[in-house]
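Fold and geometry: a report
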Amino acid sequence: MNDQETATDILYYEAIAKTVVTLIRKTPDAPVTIGVHGDWGAGKSSVLKMLEGAFAEDDRVLWL
């Protein structure tokens, strides 16, 4: 496997991404900070790509 992040869920992390999306959408009046932790190659960047895609059109979400 290559080490390039992807929005394609090859590690079956879609459930994690969907949970984070739900958390953010259900707390629209409160700022939310989320940390993603894992070993090298665990799929952190891929989960972030999935989240970025879910919020691509939402100007209320700030990506740093």
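In the block above lies the structure referred to throughout.
For clarity, every value in this text was computed on a predicted model and none was experimentally measured.

1. Focus: the layout of surface pockets
Taken as a whole, the largest pocket spans an internal volume of roughly 750 Å³. Around the largest pocket, the lining is made up of 23 residues, and of these Ile24, Val32, Ile34, Val61 and Leu62 lie nearest the centre. Of all the elements in the fold, those that place two or more residues in the lining of the largest pocket are helix H1 (14–25) and helix H2 (44–54). Sort the elements by how many residues they give to the lining of the largest pocket and H2 lands first, with four residues. When the residues that make up the lining of the largest pocket are grouped by side-chain class, the tally is 15 nonpolar, three polar and five charged.

2. Focus: the nonpolar core
Core analysis: the biggest nonpolar cluster contains seven residues, these being Ala17, Val20, Val21, Val47, Met50, Leu51 and Phe55. Contributing elements (two or more residues each) for this core: H1 and H2. Residues within four places of Val47 in sequence aside, it is in contact with Tyr13 and Ile16.

3. Quick word on the environment of Phe55
One can find Phe55 in the segment after H2. Along the primary structure Phe55 and Arg25 are separated by 30 residues, whereas in three dimensions their C-alpha atoms are 9.9 Å apart. Beyond its immediate chain neighbours, meaning those up to four positions away, Phe55 contacts Val21, Ile24, Arg25, Val61 and Trp63.

Rules used in this analysis
- Within each chain, residues carry numbers counting from 1 in the order of the written sequence.
- Selection of residues for local features in this predicted model requires a pLDDT of at least 70, selection of side-chain atom pairs for listing and counting requires 80 or more, and totals for whole chains, interfaces and linings are taken over all residues.
- In computing side-chain values, all of the structure's heavy atoms are included and hydrogens and water are not.
- The definitions used throughout rest on a 1 Å grid laid over the protein atoms alone, on which a cavity is an enclosed set of points accommodating a 1.4 Å probe that cannot get out and a pocket is an open set flanked by protein within 12 Å on both sides along at least five of seven lines; lining residues are those having an atom within 4 Å of a point.
- Grid points are joined across faces, edges and corners, and a volume is the space filled by probe spheres set on the points.
- The numbering of helices and of strands both runs from the N terminus, where a helix is a DSSP run of H or I of at least 4 residues and a strand a run of E of at least 2.
- In this classification, the charged set is Asp, Glu, Lys and Arg, the nonpolar set is Ala, Val, Leu, Ile, Met, Phe, Trp, Tyr, Cys and Pro, and all remaining amino acids, among them Gly, are polar.
- Definition used in this section: a nonpolar core is a set of buried Ala, Val, Leu, Ile, Met, Phe, Trp, Tyr and Cys residues joined via side-chain atoms within 4.5 Å.
- Exposure is judged per residue with a 1.4 Å probe applied to protein chains only, and the accessible area is read against the type maximum: over 50% gives exposed, under 20% gives buried, and values in between give partly exposed.
- Two residues qualify as a contact provided that any one of their heavy atoms is within 4.5 Å of a heavy atom in the partner residue.

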